[in-house]
Amino acid sequence: MEEGSSSGDREEQAKRYLEQHKILELVNYLTSMLLYHRPENPRNYLIALLERIKIAKLTGATFPNFMDHINISSMFGMMDTSNTGTISFVQYTEVLKTLGLCTEDEVIEDDGSLITLEKFSSEVNKRTQKIWSAF
């Protein structure tokens, strides 16, 4: 950064840097994993997690994820209160936003069909992998 930059310029440069490198998303994910697993030694856990992310990025292996099939099924079940095996498109998009798997302004096309567990699970996993591939 330039020494004579104004405070506003420095803030804008910092914001662009964080966005470009997806730092806030990474820190949010690391925090989520930390709170989900609550390891005895958080520093060692985070170091190991970052190493697993690096290996997954280099080898194409699956990225570490706190949303396994049981978690996804449970979440789906909480939304499928009438046990029909489907959830609405609105529920689907809201949970993707809540999980940080889509942005507030992202437009997801509604094809008019209800969302099944298989589609929900597939989309959560696909979007999670897409996010990790950016790191």
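Since the structure is predicted, the reported quantities are computational estimates derived from the model, not experimental observations.

## Thoughts on the UniProt feature "domain: EFCAB10 C-terminal EF-hand" (unreviewed entry) in the protein chain
Thinking step 1. Within this numbering scheme, the UniProt entry marks residues 71-129 as carrying the feature "domain: EFCAB10 C-terminal EF-hand" (unreviewed entry).
Thinking step 2. Structurally, residues 71-129 is divided into 54% helix and 7% strand, and its ends, taken at the C-alpha atoms, are 16 Å apart.

## Here we look at the side chain of Thr-93
Thinking step 1. Among the structural elements, Thr-93 can be located in helix H5 (residues 89-98).
Thinking step 2. Assessed through its relative accessible area of 11%, Thr-93 is described here as buried.
Thinking step 3. Setting aside residues up to four positions removed in sequence, Thr-93 forms contacts with Cys-102 and Ile-108.

## Some words on the pattern of salt bridges
Thinking step 1. Within this structure, the stated rule accounts for six salt bridges.
Thinking step 2. For Arg-127, the salt bridge is made with Glu-123, and the minimal N-O distance between the two is 2.8 Å. Of this pair, Arg-127 and Glu-123 both sit in helix H6 (residues 117-133), four residues apart, which is roughly one turn of the helix.
Thinking step 3. For Arg-127, a relative accessible area of 12% gives the class buried.
Thinking step 4. Overall, Glu-123 belongs to the buried group, its relative accessible area being 12%.
Thinking step 5. Several salt bridges converge on common partners, so that one network encompasses Glu-106, Glu-123, Lys-126 and Arg-127.

## A look at the environment of Thr-86
Thinking step 1. Among the structural elements, Thr-86 can be located in strand E1 (residues 86-87).
Thinking step 2. When the C-alpha positions of Thr-86 and Ser-113 are compared, they lie 9.4 Å apart, and in sequence the two are 27 residues distant.
Thinking step 3. One polar contact links Thr-86 to Thr-84, side chain to side chain, over a distance of 3.0 Å.

## Focus: the nonpolar core
Thinking step 1. Core analysis: the largest hydrophobic core is formed by 16 residues, its most contacted members being Ile-87, Tyr-92, Leu-96 and Phe-120.
Thinking step 2. Those elements giving two or more residues to this core turn out to be helix H4 (69-79), H5 and H6.
Thinking step 3. Contacts of Leu-96, omitting those with residues within four sequence positions, involve Leu-101, Cys-102, Ile-108, Glu-123, Val-124 and Arg-127.
Thinking step 4. Residues Leu-26, Leu-30, Met-33 and Ile-53 belong to the second largest nonpolar core, which totals ten residues.

Cut-offs and rules
- Residues numbered from 1 in each chain as written.
- Predicted model: local features only at pLDDT ≥ 70, side-chain atom pairs only at ≥ 80, totals over all residues.
- Heavy atoms only, no water.
- UniProt positions renumbered as here; feature names shortened; annotations may be inferred.
- Helix = DSSP H or I, 4+ residues; strand = E, 2+ residues; numbered from the N terminus.
- Buried < 20%, exposed > 50% of the residue type's maximum accessible area, 1.4 Å probe, protein only.
- Contact = heavy atoms within 4.5 Å.
- Salt bridge = Lys/Arg side-chain N within 4 Å of Asp/Glu carboxyl O.
- Polar contact = N/O pair within 3.5 Å; in protein donor to acceptor, adjacent residues only side chain to side chain.
- Core = buried A, V, L, I, M, F, W, Y, C linked by side-chain atoms within 4.5 Å.

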